[in-house]
Structure formats: structure tokens, C-alpha cells
Amino acid sequence: AIGAARNPAAWIGFLYGANIAGAVTGCLLAGFYLLREYDAATASYVAAAVNAAVAAGAFTLALAVADDRPKSGSEDSSPPEPFAAAVHGAIALSGLCALGAEAIWTRMLGLLLGASVYTLSIIVAVFLAGLGIGSAIGSLLCRNHVQPRRAFAWCQFLLAGAIAWSAYSLTVWLPYWPIDPSLSTNIRFNFQLDLLRALWALLPPTMLWGASFPLALAAAGSTGSKGADPARTVASIYAANTLGAIAGALGASLLLVAWIGSQHTEQVLIALSTMAGVLLLPRRRIVAALAIVTSALCIYSVPPISKLLIAHGRYAASWAGKGEVVYAAEGINASVAVASFPNGALTFHVAGKIQASNVPRDMRLQRMLGHLTTLVAANPRSVLVIGCGAGITAGAVSIDPRVEHETIVEIEPLVPKAAATYFAEPNFEVLANPKVQVRIDDGRHYLSTTKDHFDGITVDPLDPWVKGAASLYTKEFIKVMRQHLNPGGVVTMYVQLFETDSAAVKSAVATFFEVFPNGTIWGNT
């Protein structure tokens, strides 16, 4: 039906927008209802059932609608104009920038809004909504007979400014908006603010990326052979965009952020967007020169990520001016910071949260976890510490003279480096201790693959709602810990009593007691 349409690119753009509208609905439904009320398995079953229904409908529609594509042999097989390659290259760069930016901004908004499944649902929904709105606008432009090549190029030039807008908003504006989440009487009010902040930062660039797809289709169609199958044009443009998106997502999240940081990665994306526009207008040298100059200004305007945001996350505004962030860095898995206060307090931050400090009440808690592990075990010669943090729990383990070997497993390489530099005194220089070995690995993966057994295992994960931490509270993981205990061995686990509710705490405790029915509960009062 679309092949017979007067303007296939416009209709395909609308279909793309409809597909994204469904994606937004699915994202919000899974994040705010299925995962909250049920579990990951139920959400997966629902998705599979919906996919099966869509497949059945597609087969039914295919049988009912005649195939109006050009028959074999009737299609003009003359080679397309050389400009078609430029269109494919530009849409690949557009996809690279879109998913690269999404990876960076998800990390930054994860700090600002809290790295939970709800935050991820909000970010993805806003990103997809912007793509859908932009796709609809791009389709309307195609129907109004604009020059698709020129409009596509201008989208890429405007994206240089839009990326700079998002980078500036996420670093200079949003962390300092006077918002204190703890004042809210209902979590839904926080979600409303989170949605508005995500829209403010992400909507301009996502709309331009969304408009780029139908404009690229129209531009590719205008350069190809007359009578060509529109499905082939869609497939080639979509493939180029998807390959670029894969490269952007992997390159930004696994390489660029750890190598050069979010600021310089955003600057690279601005340059690539400008390059895509120049690629589409090779003969307009004045326009290209002006675009390059404007791009340079946009690159210069991108600020470094806020240290206050790295340290305090969604509570950044309420901590402004109270202390000095003496260390802040972005890692592959998490951002790490250390803050110093006038009263001598030193705090250790991971994922925008204070995870440890040298304040007496925190020191009692952190050392209690380590001491219980070695004092209760029958013969604590070998101890495993999952989660390094400031190293204070690991340090408490290390000073027991019966401990001969201690293994610290930490997923983020920056954590032990910061702990060794800023917390060497309170953690008894544990990271320089010859009987201590540091393994950079995920705690669950390490225990599932190692053949070693231990006399004591202590685990101090992040809050269960923080990305990646929930798996360390599961029955399956606690069973794995038990399997790696020597006879007379002990497991200790920290369960948070803040930023949670009684049902969550009861769930964590009941899960632990299901595997260790003779366990005990200790409190730092």
C-alpha cells in the first residue's frame, strides 16, 4: 500500500512515529506497572504475548493485501546517484550520535533522578517520545515538498546546538534547581518533576533525530532509481541508522566516557553531527564554513560534568555550599566522588550517593560488618569482601591476625583507587596490605565462576533500587554464597534502613533467612 502511495517517505515516517508511540507505552507500562506489581518474568511474558499477537495480525494482513511492489525484471536497476552514499553515511552518523548521547545522558540523569528502573523508564520514554514527535514533523515536511536533502542537512546542523543545549542543561541548570526530593509526600510528585526535567533537557535533540529519519528516506528516494522498491530504500536507510546507533551506544558507554569523560564525548558528538550536515551539502562551502564555526562555539560551550552532581546526585541542590568535592571521576560502571567538610568529615560517594564516611556512627557500622565476619567464623583464614567502598569494612577484616588471605571484589576500578588515596588511615591501608587481593569483577559473576571457598563472606552492596544492586539481594545469589563457604563459615550482609520502606526490608531479611535460617540481626544504634 505504501509502495503505491504518492509520497512513500512521508507515510513511512508516520509508521515510524506510530511504532515509537507503542514503544513509549510499553516502556512506561513495564517500568511503572508490570515490574512494580509483578516481576521481570511476567513483564517478559506480556511482551512475548504482545509480539505473538502482532505477528498473527501481520500474517493476516499480508494475506489480505495484494503485493504491489515492482515485479522482478521490471525494476530499474541503474545505479543510484553518488549522493545516496552521503545520505546513508549521514543517517549512520545521526544514529551514532543519538545512541551515544542517550548513553551519556542516561548516566547523568541516573545521577540526577536516581539510578532506578523508574528513572530508566522515564528517560527512555522521553527519548522515544521526542523521536516520535520529530518523525511526525519530518513526515509533514516531506508531504509539503521541501527539499529533503537540504532539510536533512539542517537537522544535523541544528543538532550541534541541541546537543550543546542538553549538555549545558544537565550540568549547569538542572542539578541546581531548588528541588529537595525528601520534601515530597508522594513519590509520584517526584516522578512528575523527573519527567519535566527530562523533557527540558532531552526533547530538542531527540525531535531533530526523529525528523532525520523520514527526511533521510525522502532524500535517498530522490537520488535512487525511478520505480525502485521503497522497501529496499527503507531497509538500507534503517540498516545504516541502526549500525551507527550500535556503534554509538557501545563506543560511548564502554570506551569514550571512561577515556575522555562525558564532556569531551559530547563535544565529539557535536563535531560528528556537523560533519553529517557538511556531508549532505558538499557544494555549499559558505554554509559549511558557517556551520563549522557555529559547531566550534557549541563545542566550547559544553561544560564539564558537575562535581556536586557526581557526589550528591538528586540531592545536589540541597548540598550546595556545604562542603568541597575534592575528587570526582566517571568510571565505566559508576561515578565516584569524595567530599570534605569543615568539621573534618570525609564522605565517599558512588552513583550519586554517600556510601561511607569517617564519621563515628558510620565507622561503627562499617567496621562492625567486618569484625562480625571474622569474630564469628570458626577459623577465618580466607575472607571475601564484596564491594570495596571506602575500604573500611575490608580494613576491619584485614587486622584480624587469623586472616591469611582477603579478596576484595569491586566492579568499578575507580573505587579502590579513591579509597586508597583518601581513606588510607581509617581503612588501615588495606589496599596496600600484602595479604589482600583486589579483583575487578561483578560480585555475582565472580562467585558464580570461582572455584575458591571462603571462611567468611561479607557483602555491602548499594541500595537494592540502584542499578545492578538488586541481584545481590536475591535468594539465588545468597545460595551461591552459601555454596562457597567452608564448614563453620559465616556470611554477613548489610541491609539499608533509609530510603526504603518496611516491606522492602522485610523482603531482604526474609530472603536471607530462607537460605540461612539460623541467622541473626545486628543493628548500629
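You'll find the structure just up there.
Criteria and thresholds
Residues numbered from 1 in each chain as written. Predicted model: local features only at pLDDT ≥ 70, side-chain atom pairs only at ≥ 80, totals over all residues. Heavy atoms only, no water. Helix = DSSP H or I, 4+ residues; strand = E, 2+ residues; numbered from the N terminus. Buried < 20%, exposed > 50% of the residue type's maximum accessible area, 1.4 Å probe, protein only. Contact = heavy atoms within 4.5 Å. Areas by Shrake-Rupley, 256 points an atom, 1.4 Å probe, with all protein chains shown as cover. Lys, Arg positive; Asp, Glu negative; His and termini not counted. Charge placed at Lys NZ, Arg CZ, Asp CG, Glu CD. 1 Å grid on protein atoms, 1.4 Å probe; cavity = no way out; pocket = protein on both sides within 12 Å on 5 of 7 lines; lining within 4 Å. Points joined across faces, edges and corners; volume = space filled by probe spheres on them. Nonpolar A, V, L, I, M, F, W, Y, C, P; charged D, E, K, R; others polar. Expected span 1.5 Å × (residues − 1). Bend = angle between axes of the 7 residues up to and from the residue. Salt bridge = Lys/Arg side-chain N within 4 Å of Asp/Glu carboxyl O. Pairing = 2+ DSSP bridges. Patch = residues over 30% accessible without salt bridge, like charges linked within 9 Å, V, L, I, M, F, W, Y side chains within 5 Å. Axes fitted to C-alpha atoms, helices over the stretch in contact; angles between N-to-C directions. Parallel < 35°, antiparallel > 145°, perpendicular 65-115°, else oblique. Phe/Tyr/Trp six-rings, centres within 6.5 Å; stacked < 30°, edge-to-face > 60°. Lys NZ or Arg CZ within 6 Å of the ring centre and 35° of its normal.

### Observations regarding the overall build of the chain
- When helices and strands are tallied, the chain shows 16 helices and nine strands.
- Overall, the chain is about 85 × 55 × 45 Å in size when its C-alpha atoms are taken along their principal axes.
- Looking at the chain as a whole, 46% of its 525 residues are labelled buried.
- Once local pairs closer than 6 in sequence are excluded, the contacts in the chain between residues at least 24 apart make up 76%.
- Approximately 25,400 Å² of the chain is accessible, and the part contributed by carbon and sulfur atoms is 63%.
- When the 34 positive and 32 negative side-chain charges of the chain are each reduced to one mean point, those points stand 6 Å apart.

### A closer look at the layout of surface pockets
- There is about 1,400 Å³ of room inside the second largest pocket.
- Forming the boundary of the second largest pocket are 40 residues, of which Tyr118, Trp465, Glu499, Thr500 and Ala504 lie nearest the centre.
- Those elements that provide at least two residues to the lining of the second largest pocket are α4 (117-143), α6 (187-223) and α16 (502-515).
- With five residues, α16 is the single largest residue contributor to the lining of the second largest pocket.
- Within the lining of the second largest pocket, the residues separate by chemical class into 17 nonpolar, 15 polar and eight charged.

### Notes on helix α7 (residues 230-280)
- Taking 1.5 Å per residue as the helical rise, α7 with its 51 residues ought to reach 75 Å, whereas the 21 Å between its terminal C-alpha atoms falls clearly short.
- Its axis deflected by about 115° at glycine 261, α7 carries its strongest bend there.

### Considerations on the pattern of salt bridges
- Summed over all chains, the structure comprises six salt bridges.
- One salt bridge in this structure joins aspartate 194 and arginine 314, with 3.8 Å as the shortest N-O distance. Taken together, the residues span a long stretch of sequence, with aspartate 194 in helix α6 and arginine 314 in the loop between α9 (307-312) and α10 (316-319) at a distance of 120 residues.
- The closest approach of N and O atoms between aspartate 463 and lysine 353, which form a salt bridge, is 3.3 Å. Here aspartate 463 is found in the loop between β8 (454-459) and α15 (475-483), whereas its partner lysine 353 is found in strand β4 (residues 353-357), with 110 residues between them in sequence. A single burial state applies to aspartate 463 and to lysine 353, both of which are buried.
- What you see here is one network of salt bridges that share partners, running through Asp194, Arg197 and Arg314.

### Points about the pairing of strand β2 (residues 335-340)
- The buried fraction of β2 amounts to five of the six residues, a majority that puts the element mostly inside the structure.
- As defined by bridge partners, strand β1 (residues 324-330) adjoins β2 across six bridges and the pair is classed as antiparallel. Considered in β2, the bridge of glutamate 330 is made with serine 335.
- Where β1 folds back onto β2 in an antiparallel hairpin, the turn is made up of four residues.

### Quick look at unusual backbone geometry
- Positive phi values are uncommon outside glycine, yet alanine 351 reaches one of about 60°.
- For alanine 351, the position within the fold is in the loop between β3 (346-350) and β4.
- If you check the backbone angles, phenylalanine 428 has positive phi at about 60° while not being a glycine.
- Turning to its location among the elements, phenylalanine 428 is positioned in the loop between α13 (414-422) and β7 (436-440).

### What to know about a positive patch on the surface
- On the surface, Arg149, Arg150, Arg283 and Arg284 cluster together into a positively charged patch.
- Turning to its location among the elements, arginine 150 is positioned in helix α5 (residues 148-173).

### Here we look at the packing of α5 against α7
- As a packed pair, α5 and α7 sit with axes 8 Å apart at the nearest point and diverge in direction by 170°. One way to sum up the angle between α5 and α7 is to call them roughly antiparallel. Contact with α5, carried on its side by Arg149, Phe152, Ala153, Gln156, Phe157, Leu159, Ala160, Ile163, Ala164 and Ala167, involves Glu266, Leu269, Ile270, Ser273, Thr274, Ala276, Gly277, Val278 and Leu280 of α7 and no other residues of that element.
- Considering only residue class, the contact of α5 with α7 consists of 13 nonpolar, four polar and two charged.

### Topic: empty space enclosed by the protein
- Enumeration according to the criterion identifies one cavity of 30 Å³ or more in this entry.
- By volume, the largest cavity is sized at about 30 Å³.
- Along the lines of polarity and charge, the residues of the lining of the largest cavity split into seven nonpolar, one polar and two charged.

### Observations regarding the sheet that holds β4
- If you trace the four strands from one edge of the open sheet to the other, you get β1-β2-β3-β4, paired in antiparallel fashion. Both edges of this open sheet fall to β1 and β4, since each of them pairs with a single strand only. Strand after strand, the sheet turns through a mean of 25° between neighbouring axes, direction not considered.
- Running at roughly 155° to β1, α13 makes contact with β1, β2 and β3 of the sheet.

### Overview of the packing of aromatic side chains
- Per the stated rule, a full pass over the model turns up 18 aromatic pairs.
- Relative to tryptophan 200, the ring of tryptophan 173 has its centre 6.2 Å away and its plane inclined at 65°; by these criteria the two rings are edge-to-face. Here tryptophan 173, found in helix α5, pairs with tryptophan 200, found in helix α6; they are 27 residues apart in sequence, far enough to count as distant.
- Note on tryptophan 173: relative accessible area 32%, which makes it partly exposed.
- Within the aromatic cluster, the residues linked to one another by ring pairs are Trp165, Tyr168, Trp173, Trp177 and Trp200.
- When the ring centre of tryptophan 319 is taken as origin, the NZ or CZ atom of lysine 322, which lies over that ring, is 5.6 Å away.

### Some points on the environment of proline 148
- Considering the arrangement of structural elements, one finds proline 148 in helix α5.
- Note on proline 148: relative accessible area 17%, which makes it buried.
- Each C-alpha atom of the pair proline 148 and alanine 219 lies 5.0 Å from the other, and the pair is 71 residues apart in sequence.

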